[in-house]
Structure formats: structure tokens, C-alpha cells
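Tertiary structure, described
Here is how the chains run, residue by residue.
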Amino acid sequence: MTKRAANAAKGIAGIAVTVALWEAARALGVVDPRDLPSTAAIIRAAAEGLWGGELARAVAATIGSWTPGLLLAALAGAAGGIALALLPRLEIATRPVLEFLRPIPSVALIPVALLVLGVGLEMQLFMIAFASIWPILFSTKTGVEGVDPRFMETGRVLHLGPSARIVRIVLPAALPSFATGLRTASAIALVVAITVEMLTGQAGIGSYIENVRLNGLITEMWAAIFVTGVLGYLINTLFVTVERAVMPWSPENRDR
Amino acid sequence: MADSTSVREPILAVENVSKGFNAVGPRILSGMTFRQEPGQFVAVVGPSGCGKTTLLRCIASLMQPDEGEVLHRGQHFDDPPSWLSIVFQDYNRSLFPWLSVRQNVAFGLRGVDARDERIMKALQAVNLDHAADLYPWQLSGGMQQRCALARSIVVKPHLLLLDEPFASVDAQTRIDLQDMVMDICRDMALSTLLVTHDIDEAVFMADKVVVLSTRPARVVEEIAIDLPRPRDQLATKESPEFLRLRHHVYTLVRQQAQRLPRED
Amino acid sequence: MTVKGHQIAPLAWQAATVVALVALWQWAALTHPAVYLPPIGRVVDGYIRLWHGDLLANALLPSLYRLATGLLAAIVIGCAAGIALGSLRWLDPWVRPTLEYLRFIPAVAILPAALLVFGPTDQMRIFVIAFGSVFPVLLAATDGARRVDPILLDVARVSGLSTIERLIRVVLPAALPSVFSGVRVALSIALVMMVISELIAADDGLGFYILRNQRLFQTANVYAGVLTIGTIGLVLTLALLAIEKRVLAWHRGWRGLTETNRG
């Protein structure tokens with residue numbers, strides 16, 4: 001057996017052990033078996049829920065708010081990060097405000113958003129964008145600041161004007177940092193989207209999970225949690241794949 | 001203190017040892033055989049890359065040979081025996097950076113009486129007693145190597161292995177360390193195995209020089225060094241006998257270096 | 001501490017910006033009062049009240065307790081598991097797929113399940129906080145353990161250390177710098193999970209306090225609560241940095257040394 005095949009088999013065995021532990025917890029009554037449905041039941045409920053069922057609609061709704069919120073944060077965060085890196089006066093002036101806001105977890109501002117915007121899609125989009133902007137902003141700023149000055153000199157030697165230097169040298173050089181910030185933000189955005197849904201009943205995974213839990217549909221609840229985990233994994237894989245394709249030259253992607 | 005058993009077993013017997021990168025394929029060591037008597041100072045020399053470090057790791061029982069065996073006092077060990085100590089070449093990688101000199105030296109001492117005394121004595125032997133509470137990053141290269149030496153002698157070993165210990169220090173420090181090691185080995189009646197690429201050093205310090213061939217390495221010749229002790233950096237190195245031995249070893253090693261590695 | 005000439009201009013800019021924003025807020029609060037724009041004085045009052053007496057006991061301390069316990073559990077478990085995984089390489093292929101799935105579950109999705117299994121108790125909230133913050137520590141510890149210099153492991157073997165002794169006396173200290181960077185990330189995640197668990201499923205703590213005051217339209221208290229959470233985050237981050245400085249003093253010296261030797 002090749003090494004890869006052997007490792008894959010071990011991985012599957014590991015998963016099997018986890019499933020076995022789950023089933024053991026049920027059998028031994030460590031947790032009430034009604035609270036812990038069998039893995040087979042969970043998989044079945046997940047498949048049913050996704051195949052044109054409620055769960056699929058909930059996932060779609062969450063993605064439907066996650067995407068525009070993240071996009072908004074990406075644009076604003078990138079623009080802000082670049083501005084802060086290239087305009088030192090702006091950076092200095094805004095520093096106390098940013099350092100003041102930084103330690104505050106964005107989710108703590110959900111009640112504030114409720115006060116100002118009330119319940120609804122607007123408020124959810126705002127919260128997703130607000131929470132996601134920070135990693136993108138700071139990563140982009142660091143990325144632009146970290147551009148090797150020799151690149152800039154090369155640009156001047158090649159007679160590129162300042163805006164051309166920004167577009168053709170600074171942006172590509174800062175792209176890996178921006179991408180990392182975006183990937184971090186994508187996970188934060190998902191958490192915030194689901195949290196708002198749980199809190200306000202906005203359509204999506206969060207409210208779906210709460211609903212099924214309150215209605216005693218425990219299997220459906222676990223199925224939804226399982227699918228959410230898969231969603232989180234897929235989102236991360238998506239970003240990593242795109243990063244590797246777009247930036248094969250980046251240090252993280254180089255030794256593959 | 002060296003053990004005086006009624007049957008004088010060699011403290012180290014390398015019997016027909018072979019070792020490769022993996023089970024099949026080219027050998028690094030092949031049919032390596034030599035013995036070391038208790039109290040002897042043995043130096044192992046050979047052309048660069050001939051497998052000296054691999055040999056040392058097998059001798060230390062950090063690795064097991066593919067064929068043949070390594071016996072310590074007639075016994076086989078799966079793991080380094082407690083009375084064996086080793087000083088590595090990269091001293092700045094072998095000291096624990098989060099421990100002070102004193103704590104580094106104390107590292108292998110467990111359940112021992114009069115611990116602090118022993119640590120102090122070891123530090124005095126290497127002239128680091130005034131630096132006991134410094135950390136490795138605050139020490140010079142020579143001091144770091146002395147700390148590693150103190151750590152290996154504080155456990156009162158019977159066999160001390162040295163893997164090119166002076167390769168990374170400057171010439172002046174090297175001379176001081178050579179004298180220091182010889183003093184310690186004499187005072188503690190240690191058996192010592194020194195792996196080195198420096199032929200002068202090998203002839204100067206050892207009772208016996210083992211010359212290795214190129215890869216796959218085996219013993220080309222064992223040369224007895226009968227120079228009188230204590231040895232002096234100036235007087236001994238000018239003596240005709242030293243020069244003759246040095247010439248002989250040097251010629252052997254040169255011959256080996258000019259051969260291409262054989263595929264055995 | 002003397003302030004040099006060229007440091008005055010930026011400080012002046014910063015002070016000016018802050019003063020301008022505060023003045024703007026206060027002016028807007030007084031001339032165009034709105035539910036979400038309380039005068040600053042009331043916010044400050046609310047903030048001070050949170051650090052005393054009743055509110056301290058009902059809001060601040062419960063939150064702090066959950067955060068500390070959850071984070072500590074995450075650190076201990078993450079470190080132990082990470083060190084083991086990083087050192088015992090043969091474990092890796094068995095465990096990797098399961099871990100790669102678990103680490104990407106958005107921690108908030110676990111909350112309803114935890115609520116079901118543990119009920120609306122502190123255990124539930126601590127579990128959620130720990131679940132969210134364990135992975136950064138675990139991954140950092142694994143990485144740190146993998147990168148331990150093999151020579152140090154050889155020294156441990158020659159010194160006759162057992163596997164457990166080796167993990168605790170050599171691998172753990174060597175991995176500590178990596179672990180600390182993981183803990184920094186874990187702290188911010190723990191803070192977030194603390195707030196989320198108190199927004200959704202609590203009857204005390206700071207998260208509950210802000211939500212309740214939002215429902216009662218006591219906006220000044222909402223802002224005060226938010227500022228308090230921020231303060232806790234800031235203080236804990238600074239405390240962590242101070243601890244790191246102390247514990248990893250050897251690492252800074254060591255890195256400085258090896259970097260000057262390079263090149």
C-alpha cells in the first residue's frame with residue numbers, strides 16, 4: 001500500500017473511532033440518548049434536509065447574507081488598509097480611534113446595531129461587514145507597509161508614476177496579506193451571521209437550529225450543526241484553493 | 001571511576017557494523033570493527049562525509065546498526081546506557097535555551113545525593129562556576145561548549161563520546177578546550193571516543209587513532225599513539241614521534257579522500 | 001519622560017481628533033437627541049457603576065469567571081493534545097481529518113447542542129468558550145512541538161528521560177513561544193464566545209446586561225457595557241503580554257543571538 005493510501009485509511013479509521021465514541025456515549029448513557037441521536041440518523045436527516053428541504057433553504061439564506069457582508073468588508077477594508085498604509089497623517093490621526101475600537105469584540109455591538117437599525121437584513125449585513133472589516137483592514141495595512149522598498153525603487157527606475165506604482169507593484173505585493181485577512185474574516189463573518197440569526201430570528205442556519213431545538217427535533221438540530229461544520233470547512237478550502245491558484249508565488253504556497 | 005571487572009571487557013566493541021540510509025540501498029558503514037579498552041582515549045578520523053557521525057550515533061545506541069552489533073562491556077543496549085555521555089558538535093543547539101548554565105548541567109541528574117556539590121565541581125572543572133546563572137544566549141561559543149561538557153561529565157560517565165566538539169570554535173579556544181578535555185579525562189579516568197576531522201587533534205589527544213575509509217566506511221587502520229602523557233601543546237607537537245605519526249595518519253586519510261565512494 | 005519636538009505634532013493630531021469626535025458626539029446628543037445617542041456623561045456613569053457593588057457581582061464577575069475558566073481549559077487541553085500530536089508523529093494521519101473538520105465548525109453553532117446537553121448553566125457557557133478557543137492553542141502547540149530541535153531530543157534520550165518526561169521537560173518549554181502566540185488568538189476568540197453565549201443563553205453576565213438594557217432602551221448602559229467588555233479584553237491582552245515577556249525572556253535573547261549569527 002502506498003503511503004498516501006495508508007494515511008487515508010488511518011484518517012478514516014480515526015473518524016470511525018470518533019463515531020464509535022459518539023455511539024458509546026449514547027449507549028452508556030453518559031448523555032441522555034434522546035439528546036444524542038445515532039450518527040446514522042443524523043446523516044439521514046442531513047441528507048433529507050439538504051435535498052430540497054428546510055436545511056438547504058437555511059444554508060442558502062445564511063450564504064445570502066454572508067456573501068454581500070463579506071464583499072462589503074473586503075472592499076472597505078482593502079481601501080482603508082491601503083489608505084492607512086500610504087497616508088501616514090491619516091494613520092496617525094485615526095490611530096487612537098482604531099486602537100480604542102480594537103479590543104471590543106464586534107458581537108458586543110449587536111445590541112447597539114439593534115438599537116440603531118432594528119431587526120432585519122440591514123442590521124445583519126451591517127454586523128457581518130463591521131465584524132469582518134477589522135482583520136482585512138489590518139492585514140492589508142500590514143501587507144502594504146511590508147512591501148519591500150526595493151520594489152518601489154524598481155518602479156521609479158522604470159519610470160512608473162505614483163498611481164501606476166500602487167496598482168502594479170504595491171497591490172500585487174500586498175495581495176497575500178489581504179488574502180489571509182480575507183480568509184480570517186470569512187470565518188468571522190459566518191459566526192456573526194449565525195449569531196444574528198439565532199438572536200433575532202433572521203432567516204438562516206442560526207434561526208433554523210434554534211427552531212428545531214425548541215421544537216424538539218433533536219436529530220435535525222445535530223444534522224444542521226454537522227452541515228454547518230462542513231460549510232465552514234468548505235469555505236476555508238475555497239479560499240485556500242483560490243489563494244494557491246492566484247498566488248502560486250506567495251511564500252505560503254511556494255513549497256507545495 | 002572506571003570499573004575494574006575481573007574479566008577486562010572492552011568498554012566498547014564495534015563488531016562488523018553496517019548501516020545504510022534504509023534497509024536496502026547504499027551503505028554508510030560497512031563491516032566496521034574496532035574495540036576500545038577501559039581508560040583509553042580513542043580518536044576516529046576519516047575523510048569528510050565518510051559517516052563518522054552515523055558511527056557515533058550507533059555507538060551511542062541512538063541508532064541501531066542494520067547488521068553487526070555495538071557492545072558496551074559485552075552487553076547490547078537499545079537505548080543509550082546511563083553511564084554513557086555525549087557532547088554534540090552544534091553546542092548552541094544542544095543546550096536548552098530556557099535553562100541557565102546550572103540548570104542545563106543539572107538536567108540529567110536525578111535522585112542523586114549532594115547534587116549541588118557535583119554541579120559546582122563540574123562547573124569548576126570547565127571554568128564556568130562564575131557563569132552558573134547565565135543563560136546560553138549570554139555565553140560565547142567556547143563557553144557554551146564548556147557548559148555542554150560539564151553537563152556530560154556531571155553524571156560521572158564511564159564512556160564519553162565527543163562528536164567533532166571543537167569544529168565550530170576558533171583556534172585559540174580549541175587549544176584551551178583540548179587541554180581541558182584531556183585534564184578532565186585523566187582526572188576522572190574516563191574512556192573517551194573523539195570523532196574529529198582534525199588530524200593534529202586526533203594524534204595529539206588520543207592513545208589510539210582509528211582511520212576510516214570513504215563511504216561505505218570501514219576501519220582502514222588502527223594506529224597506536226605511544227606519546228608520553230601529560231601532553232603539551234608545544235613540546236609534544238614538535239616531537240619527531242608526533243610528526244611521524246601525524247604524517248602517517250595524514251597520508252592514510254589523504255589516500256582515502258582521493259578514492260571515490262564504493263557501492264558495496 | 002520628555003516628549004521630543006517631533007513627537008508633539010502627531011500627539012497633537014491624535015488628541016485633536018479624539019477631542020473633536022467626543023465634542024461632535026456630545027453636541028449631536030444634546031441637539032438631536034436620539035435613542036441611540038446618549039450624552040457622554042451618562043455613558044461614563046454607567047461604566048463606573050459596572051465596576052461596583054451589584055453590577056460588579058451580577059454582570060462583570062460572572063463574565064470574567066466564565067471567560068477565565070473556559071480559556072484556561074482550552075489552554076490546558078490544547079497544550080497537552082498539541083504537544084502529544086506534534087511529538088508523536090505517528091498519531092498525525094489518524095487524527096488529522098477529524099481535527100480538520102472540528103476546527104472549522106463555527107463555534108456558535110455548537111451552542112444549541114451545548115444548551116441541550118448541559119442546560120442553561122455556566123458549564124454550557126464555559127464549554128462553548130473552551131470549544132471555540134481550544135483550536136488555536138492546539139494548532140500552535142502542535143506546530144511548536146514539531147519544530148523542536150532534534151538535537152535537544154537526542155540530549156533527552158542520552159539523559160535517560162522517559163517519553164512523558166521528554167514531553168514535559170523538553171518539548172513543552174521548546175514549544176512555549178509558539179503556544180503563546182496561539183493563546184493570544186484564543187483570548188480574542190474566548191472573549192467573542194463569552195459575549196455570544198451571554199447574548200443568546202444567559203441570565204447574568206455582561207452580554208446579558210447589554211441585551212437587557214437594549215430591550216429597555218437604556219442606551220447609555222448598553223454603551224457602558226460594551227466599553228466594559230472592551231476594557232476586559234484590553235486588560236487581559238496586556239496581562240498576557242506581560243506574562244509572555246517574563247516567561248519567554250530566554251527566547252528573545254536566544255532569537256537575537258541566532259539572528260546575529262546568521263549571514
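With that settled, the discussion passes to the overall build of chain B. Helix and strand counts for chain B come out as 9 helices and 10 strands. Compactness check: chain B gives a C-alpha radius of gyration of 18 Å against a globular reference of 18 Å for 264 residues, within 12% of the reference. When its C-alpha atoms are laid out on the principal axes, chain B stretches across 50 × 45 × 40 Å. A total of 264 residues make up chain B; the buried ones form 43% of that total. Put simply, 72% of the contacts in chain B that link residues at least 6 apart link residues at least 24 apart.

Residues and elements named next belong to chain B. Taken in spatial order, the 6 strands make up an open sheet running E6-E7-E8-E3-E9-E10, and their pairing is mixed. Sheet topology places strand E6 (84-87) and strand E10 (219-224) at the edges, where each strand pairs with a single neighbour. Sheet twist, expressed as the average angle between the axes of neighbouring strands with direction ignored, equals 15°. Sheet topology note: the E6/strand E7 (residues 159-163) ladder contains 4 bridges and is parallel. Residue pairing across strands places Leu 84 opposite Leu 159, the latter belonging to E7.

Before going further, it helps to examine the sheet that holds strand E2 (residues 27-36) of chain B. Residue and element names in this part refer to chain B. As summarised here, the arrangement of the 4 strands in space is E2-E1-E4-E5, forming an open sheet in which the pairing is antiparallel. The open sheet terminates on both sides in strands that have one partner only, identified here as E2 and strand E5 (75-76). Bridge count for strand E1 (residues 12-20) against strand E4 (residues 67-72) is 4 bridges, and the pairing is antiparallel. In the sheet register, Val 14 faces E4, and the bridge partner there is Val 70.

All names here are of chain B. Sheet topology note: the strand E9 (residues 208-212)/E10 ladder contains 5 bridges and is antiparallel. Of the residues in E10, the one forming a bridge with Val 209 is Ile 223. Hairpin connection of E9 to E10: 6 residues between the antiparallel strands.

Turning to the interface of chain A and chain C, a few remarks are in order. Chain A puts 44 residues into the contact, and the matching count from chain C is 43 residues. Within the residue set of the side of chain A that touches chain C, elements represented by two or more residues are helix H1 (3-27), helix H4 (88-101), helix H5 (110-117), helix H8 (162-200), helix H9 (205-214) and helix H10 (218-246) of chain A. Top element by residues in the side of chain A that touches chain C is H10(A). It accounts for 9 residues.

Bringing the environment of Thr184(A) into the picture now. All names here are of chain A. Along the chain, the position of Thr 184 falls in helix H8. Look at Thr 184 and you get partly exposed, because 18 C-beta atoms sit within 10 Å. Taking the C-alpha atoms as reference, Thr 184 lies 11 Å from Leu 137; in sequence the two are 47 residues apart.

On to the nonpolar core, then. Residue and element names in this part refer to chain C. With 207 residues, the main nonpolar core has Val 137 and Ala 190 as its most contacted residues. With 20 residues, helix H8 (residues 163-200) is the largest single contributor of residues to this core. Each residue touching Ala 190, except ones within four places of it in the same chain, is listed here: Leu 67, Gly 70, Leu 71, Ala 74, Ile 129, Gly 132 and Ser 133.

Right, let's talk about the interface of chain C and chain B for a bit. On the chain B side, the residues contacting the 14 residues of chain C number 19 residues. For the side of chain C that touches chain B, the secondary structure elements donating two or more residues are helix H7 (150-158) and helix H11 (249-261) of chain C. The residue makeup of the side of chain C that touches chain B, split by class, is 8 nonpolar, 3 polar and 3 charged.

For the 2 pairs of chains in contact, the maximum contact count is reached by chains A and C. The two units chain A and chain B are non-contacting; their minimal C-alpha-C-alpha distance is 16 Å.

A separate point is the packing of helix H5 (residues 107-118) of chain C against helix H6 (residues 122-146) of chain C. All names here are of chain C. Close contact between H5 and H6 brings their axes to 9 Å; oriented N to C, the two are set at 150°. Classified by the angle between their axes, H5 and H6 sit roughly antiparallel to one another. When the axes of H5 and H6 are compared, the crossing they make is right-handed. Two secondary-structure elements touch here, H5 through Ala 107, Ile 110, Leu 111, Ala 114, Leu 115 and Phe 118 and H6 through Gln 123, Met 124, Phe 127, Val 128, Phe 131 and Gly 132. The residue inventory of the contact of H5 with H6, partitioned by class, reads 10 nonpolar, 2 polar and no charged.

Attention shifts here to unusual backbone geometry. Omega for the bond connecting Arg215(B) with Pro216(B) falls within 30 degrees of zero, at -5°, which places this linkage in the cis form. Mapped onto the fold, Pro216(B) is located in the loop between E9 and E10. The amide bond that connects Arg229(B) to the next residue, Pro230(B), takes the cis arrangement and shows omega of 0°. Position of Pro230(B) relative to the elements: it lies in the loop between E10 and helix H8 (235-238). Despite not being glycine, Asn16(B) has its phi angle at roughly 55°, a positive value. Here Asn16(B) lies in strand E1. When the 14 C-beta atoms within 10 Å are taken as the criterion, Asn16(B) is described as partly exposed. Notably, Phe217(C) is not glycine yet its phi reads approximately 55°, a positive angle. Mapped onto the elements, Phe217(C) comes out in the loop between helix H9 (206-215) and helix H10 (219-247). Look at Phe217(C) and you get exposed, because 11 C-beta atoms sit within 10 Å.

Across chain A, the average pLDDT comes to 90, with 98% of residues at or above 70. Between the elements of chain A, mean pLDDT differs from a low of 65, seen in helix H11 (residues 251-254) of chain A, to a high of 95, seen in helix H6 (residues 121-145) of chain A.

Residues and elements named next belong to chain B. Turning to its location among the elements, Gly 141 is positioned in helix H5 (residues 141-153). We classify Gly 141 as partly exposed; it has 14 C-beta atoms within 10 Å. Put simply, Gly 141 and Asn 92 are 49 residues apart on the chain and 7.4 Å apart in space, counted from C-alpha to C-alpha.

What follows deals with the environment of Tyr135(B). When you line up the elements, Tyr135(B) lands in the loop between helix H4 (115-125) and H5. The exposure class assigned to Tyr135(B) is buried, which follows from the 21 C-beta atoms found within 10 Å. Setting aside chain neighbours within four positions, we find Tyr135(B) in contact with Ser100(B), Trp250(C) and Gly253(C).

Conventions and cut-offs
- Residues numbered from 1 in each chain as written.
- Chains lettered and ligands numbered in written order.
- Predicted model: local features only at pLDDT ≥ 70, side-chain atom pairs only at ≥ 80, totals over all residues.
- Helix = DSSP H or I, 4+ residues; strand = E, 2+ residues; numbered from the N terminus.
- Rg over C-alpha atoms; globule rule 2.2 N^0.38 Å.
- Buried ≥ 20, exposed ≤ 12 C-beta atoms within 10 Å, placed from the backbone.
- Contact = placed C-beta atoms within 7 Å.
- Pairing = 2+ DSSP bridges.
- Axes fitted to C-alpha atoms, helices over the stretch in contact; angles between N-to-C directions.
- Core = buried A, V, L, I, M, F, W, Y, C linked by C-beta atoms within 7 Å.
- Nonpolar A, V, L, I, M, F, W, Y, C, P; charged D, E, K, R; others polar.
- Parallel < 35°, antiparallel > 145°, perpendicular 65-115°, else oblique.
- Left-handed = near helix turned anticlockwise from the far one by under 90°.
- pLDDT = per-residue confidence, 0-100.

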